[in-house]
Amino acid sequence: MSETHWTEGEIVALKARGERAFLVPLARGPTRIHDRGVIDLSGQIGRSPGETIEWLGTRYQVVRPSPADRLAAIKRGAQIVTPKDAAQLVFLAAVTPGARVAEAGSGSGALTIALACAVGPEGHVTSFDRRVDFLEAARANVVRAGLESRVTFRERDVAQEGIDLTHLDSVVLDLPNPWDVLASAHLALAVGGYAATYTPTYNQLERAVGAFRSVGFDEVRAVEVIERGLSVNEGATRPAFEMLGHTGFLAVGRRVG
Ligand SMILES: C[S@@+](CC[C@H](N)C(=O)[O-])C[C@H]1O[C@@H](n2cnc3c(N)ncnc32)[C@H](O)[C@@H]1O
């Protein structure tokens, strides 16, 4: 990857030391960056990632956006899946390079971005939502992240109409009633594929896990990811004072023959 060259239209990250990177489309000619000013990155087209530029008195390196950079750039509408949970969902649902994945609902597209990063350029994510406004919000965030070629957005109520795809590697559900979708998810998966759910309450988790079991999923289990930041300074290393107390519970099951 490090030997590739930038092409026009790609999303790049501008990274200054000590600051969070921000995303910019690599365009020919001046580009307006919201709240920052105008930049011309034409000279980077055809160059390798990692070069240094100077803009408005600050030195930036033009680097490939990380999944964290892409997630940090989203505009929030619906409650998003946080990076700690998205990372675990990617692992639990076996979302690997080249995978074909279905997701519902799209919401703000945060989880969509994590899934699209994980499937790589050879994989694909179909993201369903029953609300057009959320589909549009998610699509805009996925475009901002530069991952639109890996995602198809579709308006569909998957609890009512099911998932009309087959031989999927993974199905990931972040909607209020995943138990209404798991039978359809089971049918949509290839044998050996995984479905995973994300639910904010214990009540929803119980119903989801009950549905995983009754539908016939194997390897059913549930986890909660608790992340505690650490303040690391020589002789004074300790847990961070602030912590995100609760996000959601994750459950997973595997389709077997
Ligand atoms: C909490 S949001 C998803 C957030 C998203 N995972 C993210 O990280 O940005 C839940 C979404 O599920 C959608 N939804 C709820 N029930 C649905 C259904 N039966 N079929 C499709 N989408 C549904 C809602 O419209 C909403 O956009």
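Keep in mind the model is a prediction, meaning the values are calculated, not measured. (Residues numbered from 1 in each chain as written. Predicted model: local features only at pLDDT ≥ 70, side-chain atom pairs only at ≥ 80, totals over all residues. Heavy atoms only, no water.)

1. Some points on the site of the ligand
- Close contacts around the ligand come from 22 residues, with Val81, Ser108, Asp129, Asp157 and Asp174 the closest.
- In the model, an oxygen atom of the ligand is placed 3.4 Å from a nitrogen or oxygen of the Gly107 main chain.
- Asp174 is positioned such that a nitrogen or oxygen atom in its side chain is 2.7 Å from a nitrogen atom of the ligand.
- Relative to its unbound accessible surface of 610 Å², the ligand loses 92% to contact with the protein.
- Elements with a contribution of two residues or more to the shell around the ligand: helix 3 (110-119) and helix 5 (158-161). (Near = heavy atom within 4 Å. Polar contact = N/O pair within 3.5 Å; in protein donor to acceptor, adjacent residues only side chain to side chain. Areas by Shrake-Rupley, 256 points an atom, 1.4 Å probe, with all protein chains shown as cover. Helix = DSSP H or I, 4+ residues; strand = E, 2+ residues; numbered from the N terminus.)

2. A few points about the packing of helix 2 (residues 83-92) against helix 3
- It is at 10 Å that the axes of helix 2 and helix 3 come closest, and there the two elements cross at 45°. Comparing the axis directions of helix 2 and helix 3 gives the class oblique. Our pair here, helix 2 against helix 3, has a crossing hand that is right-handed. Here helix 2 contributes Ala86, Leu89 and Val90 to the contact with helix 3, which in turn contributes Leu111, Ala114, Leu115 and Ala118. (Axes fitted to C-alpha atoms, helices over the stretch in contact; angles between N-to-C directions. Parallel < 35°, antiparallel > 145°, perpendicular 65-115°, else oblique. Left-handed = near helix turned anticlockwise from the far one by under 90°. Contact = heavy atoms within 4.5 Å.)

3. Looking at the packing of aromatic side chains
- Counted under the stated rule, the structure contains 5 aromatic pairs.
- With a centroid separation of 5.1 Å and 75° between ring planes, the pair formed by Phe212 and Phe217 is classed as edge-to-face. Each member of the pair Phe212 and Phe217 is classed as buried.
- Members of the aromatic cluster, each reached through a chain of ring pairs, are Phe22, Trp55 and Tyr60.
- A cation sits over an aromatic face here: Arg36 above Phe22, 3.7 Å from the ring centre.
- The ring of Phe241 has Arg238 sitting right over it, with the charged end atom 4.0 Å from the ring centre. (Phe/Tyr/Trp six-rings, centres within 6.5 Å; stacked < 30°, edge-to-face > 60°. Buried < 20%, exposed > 50% of the residue type's maximum accessible area, 1.4 Å probe, protein only. Lys NZ or Arg CZ within 6 Å of the ring centre and 35° of its normal.)

4. Some points on the sheet that holds strand 6 (residues 58-63)
- Pairing is antiparallel in the open sheet, where 4 strands are placed in the order 2-1-6-5. The open sheet terminates on both sides in strands that have one partner only, identified here as strand 2 (22-25) and strand 5 (52-55). Within the sheet, the average angular offset between the axes of one strand and its neighbour, ignoring direction, is 40°.
- In this structure, strand 1 (residues 11-15) lies alongside strand 2, joined through 4 bridges in antiparallel fashion. Paired with Leu14 across the bridge in strand 2 is Phe22. (Pairing = 2+ DSSP bridges.)

5. Topic: the sheet that holds strand 12 (residues 218-224)
- Spatial ordering of the open sheet is given by 9-8-7-10-11-15-12, a layout of 7 strands whose pairing is mixed. Looking at which strands have only one partner, the edges of the open sheet turn out to be strand 9 (151-155) and strand 12. Strand-to-strand twist across the sheet, computed as the mean angle between neighbouring axes with direction ignored, equals 15°.
- Here 6 bridges tie strand 11 (residues 189-199) to strand 15 (residues 249-254), and the two strands are oriented antiparallel to one another. The partner of Thr197 across the bridge, within strand 15, is Ala251.
- Against the sheet, helix 4 (residues 132-144) engages strand 8 (124-129) and strand 9, with an angle of about 170° to strand 9.
- Set on the sheet, helix 7 (residues 202-215) makes contact with strand 11, strand 12 and strand 15; between it and strand 15 the angle comes to about 0°.

6. What to know about the domain arrangement of the protein
- Under the domain assignment, the protein is made up of domain 1 (11-65) and domain 2 (70-254).
- Domain 1 and domain 2 are separated by 30 Å when their C-alpha centres are compared.
- Taken together, the contact between domain 1 and domain 2 spans 4 residues of the former and 7 residues of the latter.
- Taking both sides of the interface into account, the surface hidden between domain 1 and domain 2 amounts to around 400 Å²; carbon and sulfur atoms contribute 68%.
- Taken together, the connections running from domain 1 to domain 2 amount to 0 salt bridges.
- Here domain 1 and domain 2 share 0 residue pairs in polar contact (both at pLDDT 80 or more) between them.
- Within the side of domain 1 that touches domain 2, the residues separate by chemical class into 3 nonpolar, no polar and 1 charged. (Domains from an automatic or database assignment. Buried area = accessible area lost by both parts, 1.4 Å probe. Salt bridge = Lys/Arg side-chain N within 4 Å of Asp/Glu carboxyl O. Nonpolar A, V, L, I, M, F, W, Y, C, P; charged D, E, K, R; others polar.)

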